[in-house]
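Here are the chains, one letter per residue:
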Amino acid sequence: QVTVPAGRFEAIRLELFGTYDDTNNAAMAMRSPPGALTVNVWYAAQTKRMIKMTAQNRRGTYDMVVELESYRLQ
């Protein structure tokens, strides 16, 4: 179960590992040199979408969290 601003949901978590290289983007390269990245994505069938995502480089210099605030099924 995952709790986000939109509520509490049964979810599955996907854990992704990879690398990134922002050397072609000068602004990004200054903040986060190339390296390894871990991304976690939680998907809830009830909402039919991703409800949470976290990303962190393994150097600990970049963190990001995205959470679902509201949703409406159509």
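Before reading on, note that the structure itself is shown above.
A short tour of the structure in this document, coming up. On a predicted model such as this, the values are computed, not experimentally measured, just so you know.

The next subject is the pattern of salt bridges. For the structure on display, the rule yields two salt bridges. A salt bridge links Glu 15 to Arg 13; its shortest N-O distance comes to 3.6 Å. For Glu 15, a relative accessible area of 41% gives the class partly exposed. Of the residues examined, Arg 13 reaches a relative accessible area of 47% and is grouped as partly exposed. Between Glu 67 and Lys 52 there is a salt bridge, with its nearest N and O atoms 3.7 Å apart.

Rules used in this analysis
Residues numbered from 1 in each chain as written. Predicted model: local features only at pLDDT ≥ 70, side-chain atom pairs only at ≥ 80, totals over all residues. Heavy atoms only, no water. Salt bridge = Lys/Arg side-chain N within 4 Å of Asp/Glu carboxyl O. Buried < 20%, exposed > 50% of the residue type's maximum accessible area, 1.4 Å probe, protein only.

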